[in-house]
Amino acid sequence: MRRSLMTMVVCVLASVLALAVSWVPGGDARAASNAPFPKYNHVFLVIDENHNANQIINNPAAPDMNALARDYGLASGYTGVSDPSEPNYVAMLGGSDFGINSDDPYFWPGHTVSAPNLLSQMDAAGLAWKGYFQDMPYAGYRGYCYPNKCNGIPDSDTEYVAKHNGIVNFANLQNPTDMAKMTPLPQLTSDLNSGNVPNLSYIVPDECHDMHGAPPWCVDSGKSGDVDDTWLVSQGDAFVGQTVNQITSSSTWAKGNNAIVVTFDEGNTATEKIPTVVVTNNGPRGITDKTSYDHYSL
């Protein structure tokens, strides 16, 4: 029974079969995709912001992302599905953007969706999930942003913001039990140290560490390659490197089949390719899969 339920977690990686199967000589993604797909014990999803693949891959400001892409697996044909941020986060969990086309608060009309989603399906299957959000002030936080002043005149970007949290958009998750599974990022350290790690970990850095930018808390996003964008890329890359190292150094990573997916909400437009890296504790190394994938595949 446990094995059959665990197949639901595999849906998180169904778009990157070639990156998460038994090793295939020569790194042939097509041959790898024909191999049996393994069952996963833990999947960690890390989401960054607003950069095309060609702004990250081979960018010296992102050494950790490039090392992971080179050493493990890169889905080089991956794109977002919408614009701006919020509908992409919703699509990752719901398989649709449900017509959302703005970053307006999740509690505004049209932004709360009554539909099944990956997390409600995991709840029904008895599988564990948890969200880890950098700068969320406390578990179950229902606010749109933190610190305050994310709406109004003058407006400013904030550090935690609900437009980068697809959980809150689903009506069937807006209950005390599921909202309590949204936790501040330090809880990830506690869970890795204790071994109490959910089947799906949904990890979202704040706007100063996801390459988005958040004045007055940090620099604003700029043009690719300028000093502000280079700073944001380096900060986001360091977050990815530290988080991946923390996960792969844990006792959880050493047991069973586990995977980390690092992707972006979108590029500069909805259709541009975004860097998506898959790290597994077992399986192939040095794979590049050029198949067209997107958040609906994920």
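Each chain has its residues counted from 1, running along the sequence as written. Totals for whole chains, interfaces and linings use every residue, but because this is a predicted model, local features are given only for residues with pLDDT of at least 70 and side-chain atom pairs only at 80 or more, for both listing and counting. Side-chain numbers here rest on the full set of heavy atoms in the structure, without hydrogens or water.

Visitor: With reference to specific residues and values, describe the overall build of the protein chain.
Guide: Each helix and strand counted, the protein chain has nine helices and 10 strands in total. Contact definition: two residues touch when any of their heavy atoms are within 4.5 Å. Residue pairs in contact within the protein chain that sit at least 24 positions apart in sequence constitute 76% of those at least 6 positions apart. Computed with a 1.4 Å probe, the accessible areas rest on the Shrake-Rupley method; for each residue, only the protein chains presented here act as cover. Looking at the protein chain as shown, the accessible area adds up to about 12,000 Å², and 52% of this sits on carbon and sulfur atoms. Only runs of H or I of at least four residues qualify as helices and only runs of E of at least two qualify as strands under DSSP, and these elements are numbered from the N terminus.

Visitor: Describe the pattern of salt bridges, naming the residues involved and giving the relevant values.
Guide: Salt bridges are identified by distance alone: a Lys or Arg side-chain nitrogen within 4 Å of an Asp or Glu carboxyl oxygen. Using the criterion set out here, one finds five salt bridges in the structure. For Lys 163, the salt bridge identified is with Asp 103, shortest N-O distance 3.8 Å. Highlighted residues: Lys 163 in the loop between β5 (160-161) and α7 (176-179) and Asp 103 in the loop between α5 (85-94) and α6 (118-125), separated in sequence by 60 residues. Asp 103 matches Lys 163 in its accessibility class, with the two residues each being buried. Beyond isolated ion pairs, a larger network of salt bridges with shared partners links Asp 123, Asp 178 and Lys 181. Each residue is assigned to one of three classes by its accessible area relative to the maximum for its type, calculated with a 1.4 Å probe on protein chains only: buried under 20%, partly exposed between the two thresholds, exposed over 50%.

Visitor: So what's going on with the packing of aromatic side chains? Residues and values would help.
Guide: Side-chain rings of Phe, Tyr and Trp (the six-membered ring for Trp) are treated as a pair once their centres are within 6.5 Å; stacked means planes under 30 degrees apart, edge-to-face means over 60, and tilted covers the remaining angles. One pass over the full model with this rule turns up seven aromatic pairs. With centroids separated by 5.8 Å and ring planes inclined at 65 degrees, the aromatic side chains of Phe 133 and Tyr 202 adopt a geometry described as edge-to-face. Highlighted residues: Phe 133 in strand β3 (residues 129-133) and Tyr 202 in strand β7 (residues 200-204), separated in sequence by 69 residues. When sorted by exposure, Phe 133 lands in the same class as Tyr 202, which is buried.

Visitor: Tell me what's going on with the environment of Asp 226, and back it up with residues and numbers.
Guide: One can find Asp 226 in the loop between β7 and α9 (227-248). A residue is classified by how much of its surface remains accessible, and Asp 226, at 27% relative accessible area, is partly exposed. Whenever a nitrogen or oxygen atom comes within 3.5 Å of another N or O atom, the pair is scored as a polar contact, on the condition that within protein one atom can donate a hydrogen and the other can accept it, and that pairs from neighbouring residues in sequence are kept only if both atoms are in side chains. Among the polar contacts made by the side chain of Asp 226, one reaches the main-chain amide nitrogen of Asp 228 at a distance of 3.2 Å. At 2.8 Å, the side chain of Asp 226 forms a polar contact with the backbone nitrogen of Asp 229.

Visitor: How would you explain the sheet that holds strand β1 (residues 42-48) if you had to name every residue and give the values?
Guide: Any two strands between which DSSP finds at least two bridges are classified as paired. Here we have eight strands laid out as an open sheet, ordered β6-β3-β7-β1-β8-β9-β2-β10, and mixed in their pairing. For this open sheet the edge positions go to β6 (182-184) and β10 (287-294), each flanked by a neighbour on one side alone. Averaged over all pairs of adjacent strands, the angle between strand axes in this sheet comes to 20 degrees, irrespective of strand direction. Contacts from helix α4 (residues 63-71) reach β2 (73-79), β8 (258-264), β9 (277-280) and β10, with the element oriented near 65 degrees to β9. Fitted lines through C-alpha atoms give the axes, limited to the stretch in contact for helices. The angle between two N-to-C directions lies from 0 to 180 degrees. Here α5 sits on the sheet and contacts β1, β7 and β8; the angle it forms with β1, its principal contact strand, is near 165 degrees.

Visitor: Give a detailed account of the confidence of the model for the protein chain, specifying residues and quantitative values.
Guide: The predicted model of the protein chain averages 88 in pLDDT, with 86% of residues at 70 or higher. Every residue in residues 1-32 is under pLDDT 50, and counting partners more than four places away or in other chains gives 85 contacts. pLDDT is a residue-level measure of predictor confidence that goes from 0 to 100.

Visitor: How would you sum up the packing of helix α8 (residues 186-194) against α9? Please name residues and give values.
Guide: Running from N to C, α8 and α9 point in directions that differ by 20 degrees, and their axes come no closer than 10 Å. Classed by the angle they form, the pair α8 and α9 counts as roughly parallel. Listed contacts from α9 to Leu 188, Thr 189 and Leu 192 of α8 are Thr 243, Gln 246 and Ile 247. These descriptions rest on fixed angle ranges, namely under 35 degrees for roughly parallel, over 145 for roughly antiparallel, 65 to 115 for roughly perpendicular, and the rest for oblique.

Visitor: I'd love a proper account of the environment of Thr 183, names of residues and values included.
Guide: Note on placement: Thr 183 falls in strand β6. Since its relative accessible area comes to 5%, Thr 183 is described here as buried. Once the C-alpha coordinates of Thr 183 and Ile 203 are considered, the two residues, 20 residues apart in sequence, prove to be 9.8 Å apart.

Visitor: With reference to specific residues and values, describe the pairing of β1.
Guide: Regular strands have side chains that alternate between both faces of the sheet. In terms of burial, β1 is a largely internal element, seven of the seven residues being buried. Because side chains alternate across β1, one face comprises the buried residues His 42, Phe 44, Val 46 and Asp 48, and the other comprises Val 43, Leu 45 and Ile 47, equally buried. When β1 meets β8, the two strands line up parallel, connected through seven bridges. From the neighbouring strand, His 42 faces β8, where its bridge partner is Asn 258.

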